[in-house]
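Okay, here's what each chain looks like letter by letter:
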Amino acid sequence: METNKNKAPIAKYLVYLGLVIVSLGSLFPFYWMFVMATNPNSMINQTPPVMIPGSNMAANFQLVLDSIPFWGAMLNSLIVSSTITVGVLILCSLAGFAFAKLEFKGRTLLFVFILGTMMIPPQLGLIPTYFIITQLGWLSDLRAVIVPGLMNAFGIFWMRQYIASAVPDSIIEAARIDGCSNFRIYWNIIVPTILPAFATLGIIVFMAIWGDYLWPLVVLQDQSMHTIQVALRSLMDDRVRDYGMILSGTFWATVPLIVIFLLFNKLFIKSITDGAVK
Amino acid sequence: MAGLQRDTDKSDDNNTMSGSNKEPQKPKKRTFSQKQRNMASGYMFISPFYLLFAVFGIFPILYSFYLAFFRWDGLGDMEYVGFNNFNIIFNDPLFWKSLYNTIIIGLMGTAPQLIVALLLAFALNSVLIKYKSVFRLAIFLPYVTSIVAVAIVFSVIFSNQESGLVNALLGMFGVEPITWTRAEWGTKVAISTMIFWRWVGYNTIIYLAGMQSIPNDLYEASKIDGASLRQQIWHITIPMLKPFIIFTVFTSTIGALQIFAEPHIFQGRAGRPEGMSIVLYLYRDAFGSNFFGTASATAIVLFFIIIIFSSLNLYFANRIGRSKKVGVK
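Residues numbered from 1 in each chain as written. Chains lettered and ligands numbered in written order. Predicted model: local features only at pLDDT ≥ 70, side-chain atom pairs only at ≥ 80, totals over all residues.

A. Molecular detail of the overall build of chain A. Within chain A, the regular secondary structure consists of 15 helices and zero strands. Its C-alpha atoms give chain A a radius of gyration of 24 Å, clearly above 19 Å, the size a compact globule of 278 residues would have. With the C-alpha coordinates of chain A rotated into their principal frame, the extents come out at 75 × 75 × 35 Å. The buried share of chain A, reckoned over its 278 residues, is 42%. (Helix = DSSP H or I, 4+ residues; strand = E, 2+ residues; numbered from the N terminus. Rg over C-alpha atoms; globule rule 2.2 N^0.38 Å. Buried ≥ 20, exposed ≤ 12 C-beta atoms within 10 Å, placed from the backbone.)

The structure is reproduced here in C-alpha cells:
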C-alpha cells in the first residue's frame, strides 16, 4: 500500500498522458475533416498538409451540392431511419409484451426461435431478398429498405426483458378486473411504463439504420433514392478526387449526428451500453 | 352458479372493449375465457415478426441454399450444376485471398483495439482520474460517425499522394510515400485503423459499464486480505468482466467477418485483391458480374465460417473463464 501511494503521482501522470493522447487521436479526424472541408483543393495537395481551417467552406459545399443530391439523400436517410425506428418500437414492444406477460402455447419455443434468428448473418439471404424486392417492384423505392428493416429480433428480446422486469403482474391483473383488453393494457399501462426502453432501443435502431450501407447500396440504385451513406460514397467516384469537396460532404453529413449526440450524450452512452450489456 | 354467471358477464364486457381483437371469431356467440383471449392477443402481437421473417428471412435463406447449386445470371434460366459453384469458388485464388484478408484485417483491427479499450476502461474507472466524462465523451465520439464517413475520412488520410496526411508524416522521417490503396500491408493497415478508430470507444464504454457493475465490497475485502492492485485486477476485475469480454470478442469477430464498407470505399467500387473481403467478394460476384449461383455459394460458406468462429470463441471464452475461477478459489 505504501509503495503504491509513492508511485501514484508518476503513474497518474502517465495515465493522464495516455488518456490525452487517445482523446486527441479520437478527435483529430473530426478537426481534420473540418480543415479539409474549408480549404481549396490546391491548399490540400501541398506538402506539408494544411492544418488550419480555410475560407472555402461554402465553395466546397456548393461542389457537393452540384455532385450529389445531398439534401434529398439526407431526407431519404431521415425518412428511412425514423420510419423504421417508430415501426420497430411499436412492433417490438407489442411482441415483447406478449412474450413477457401473456400466456400462449409455444411461447418459449417461439421466443427461442427469435433469439436463434439473431445468429444468422444478414448476407446469407442477401441475393434472394434482392430478387424478392425486384419482384415486388420496390427497387429504388424506400420501401425496399423500410419493410425488411421492421423485422428486429434484438428489439423483441430487449423489450421482453424490459417489460418482464419493469411492469408488475399485479397492475395488469388490476387492469383486467377493470375490464381492459390486452391492447388497452398495452397502450395505457405498458407504453407509459417503458418510455425509457423506447429511448434506448430507439437510439440503437436509428443509429444502425442511419449508418447501414450494404443493403441500401444494393436496392436503392437510382441516385434520387440514395441514402446519405450511398450518396457520400459516390463522391469518391471522380477520377481526379477533390478532397475538399469529398470531406465537405462527409463533414456536413456527420455534423447533425454529432450535435444530437452532444445534446443527449448521457442518454446516448447509456443506451449503447444497456443495449449491449443486457 | 352466481359466481360463474358473474364471470361470464365480465368476459362479455371485456369482449366488447377488445372488440377489434376478436373480430374473426364473432360468428360464434360464445364468450372467451381470459386464457383464450390472452392466447389470441399473444399470437396477434407477435405475428408481424413471423410474417416479415417468412418473407424476408427464412425464404431468402432457404433460397440461397437452393441457388448455390444452380448457375444463374438473374435473368435467364437456372441451370442445375451440383457442387460446381463451390468448386469454382474454392479454386478461385481470390476467394482464398479474401478469406485471408478478412481474417488478417479482423485480427489487426480488433485484437489491439480490445486491449486498448480494456486499458482505457481501467484508466477511466480509476478513482484517481478527474475529467472522466470529458475523456469518455472524446473517446466515444467516433462511434457516432457512420462507417462510410469513417472510411472516407481515412481514405483521404491514407491517400496515395505525397501530400496525404500519413505520407507527409512519414516523409518527415524520410520514409518514401506509400501507395496505400495498392500495397498489400498498406491497405490492411489503413482498413484496420478505420476499424480501430471507430470501435475502440464503444468497447471502452462497455468494459467501463462492466467494471462499474462490480460491487465495491469485493475490492475492499481483498484490500483487507492484503491484495495488491495487480492481484485485484487479475483475480477480481478480469474474472468479473468475463461476460463483457466475451460479448465484445464475439461481436467484434462477427463484425470483422462481415467487413464490407471499408474496403469497398477505400479501394474503389471494383475492389482490389489487397483489401478484398469475403462480403465484398460476394457482392462483386453477384451485383458486379451477375454470377448469382457462385455468390450464393459464397454466402453459404460465409455462414459456416461465422458459425465456426463463433463456436471457437465460445469454446475459448469458457476455457479462459474456468482457469480464472480455479485461480480465485
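B. Structural view of the overall build of chain B. Secondary structure assignment for chain B yields 14 helices and two strands. Per-residue burial over chain B gives 39% buried out of 329 residues. Within chain B, residue pairs in contact and separated by at least 24 positions form 65% of the contacts whose partners lie at least 6 positions apart. (Contact = placed C-beta atoms within 7 Å.)

C. How the structure looks around the nonpolar core. With 155 residues, the main nonpolar core has Ala95 and Leu247 of chain A together with Val148, Ala151, Ile152, Val153 and Leu282 of chain B as its most contacted residues. The greatest single-element share of this core, amounting to 14 residues, is contributed by helix α4 (residues 70–101) of chain A. Filtering out sequence-adjacent residues up to four positions away, isoleucine 152 of chain B remains in contact with Leu232, Met236, Ile246 and Thr250 of chain A together with Ile265 of chain B. (Core = buried A, V, L, I, M, F, W, Y, C linked by C-beta atoms within 7 Å.)

D. Summary view of the domain arrangement of chain A. In terms of domain boundaries, chain A breaks down into domain 1 (2–61) and domain 2 (68–237). One C-alpha centre belongs to domain 1 of chain A, the other to domain 2 of chain A; they are set 37 Å apart. (Domains from an automatic or database assignment.)

E. Main features of the packing of helix α7 (residues 147–157) of chain B against helix α9 (residues 184–212) of chain B. Residue and element names in this part refer to chain B. At their nearest, the axes of α7 and α9 sit 10 Å apart, and the two run at 130 degrees to each other. The angle between α7 and α9 places the two elements in the oblique class. Considering only the axes of α7 and α9, their crossing is right-handed. Where α7 abuts α9, its residues Ile147, Val150, Ala151 and Phe154 lie against Ala190, Thr193, Met194, Trp197 and Arg198. Grouping the amino acids of the contact of α7 with α9 by side-chain chemistry returns seven nonpolar, one polar and one charged. (Axes fitted to C-alpha atoms, helices over the stretch in contact; angles between N-to-C directions. Parallel < 35°, antiparallel > 145°, perpendicular 65-115°, else oblique. Left-handed = near helix turned anticlockwise from the far one by under 90°. Nonpolar A, V, L, I, M, F, W, Y, C, P; charged D, E, K, R; others polar.)

F. Molecular detail of the packing of helix α5 (residues 107–117) of chain A against helix α8 (residues 153–166) of chain A. Residue and element names in this part refer to chain A. Contact geometry of α5 with α8 gives a least axis separation of 8 Å together with a crossing angle of 130 degrees. Relative to α8, the element α5 is oriented oblique. The way α5 lies across α8 gives a crossing that is left-handed. Note on element contacts: α8 touches α5 through Ala153, Ile156 and Phe157, opposite Ile114, Leu115 and Thr117. Residues belonging to the contact of α5 with α8 are distributed by class as follows: five nonpolar, one polar and no charged.

G. Geometry of the environment of serine 155 of chain B. Tracing the backbone through its elements, the reader meets serine 155 of chain B in helix α7. Residue classification places serine 155 of chain B among the buried residues on the basis of 27 C-beta atoms within 10 Å. Between the C-alpha atoms of serine 155 of chain B and phenylalanine 56 of chain B, which are 99 residues apart in sequence, the distance is 34 Å. Those residues in contact with serine 155 of chain B, other than ones at most four positions away along the chain, are Met236 of chain A together with Ile265 and Phe266 of chain B.

H. Region of the structure containing the confidence of the model for chain B. Residue and element names in this part refer to chain B. Looking at chain B, the pLDDT average stands at 85 and 88% of residues meet or exceed 70. Within chain B, the lowest mean pLDDT, 41, falls on helix α1 (residues 2–17), and the highest, 95, falls on helix α4 (residues 84–90). With pLDDT under 50 throughout, residues 1–23 is counted as low confidence; its partners more than four residues away or in other chains account for 27 contacts. The model gives residues 324–329 a pLDDT under 50, and that stretch makes six contacts with residues more than four places away or in other chains. Per the prediction output, this complex has pTM 0.87; the corresponding ipTM is 0.91. (pLDDT = per-residue confidence, 0-100.)

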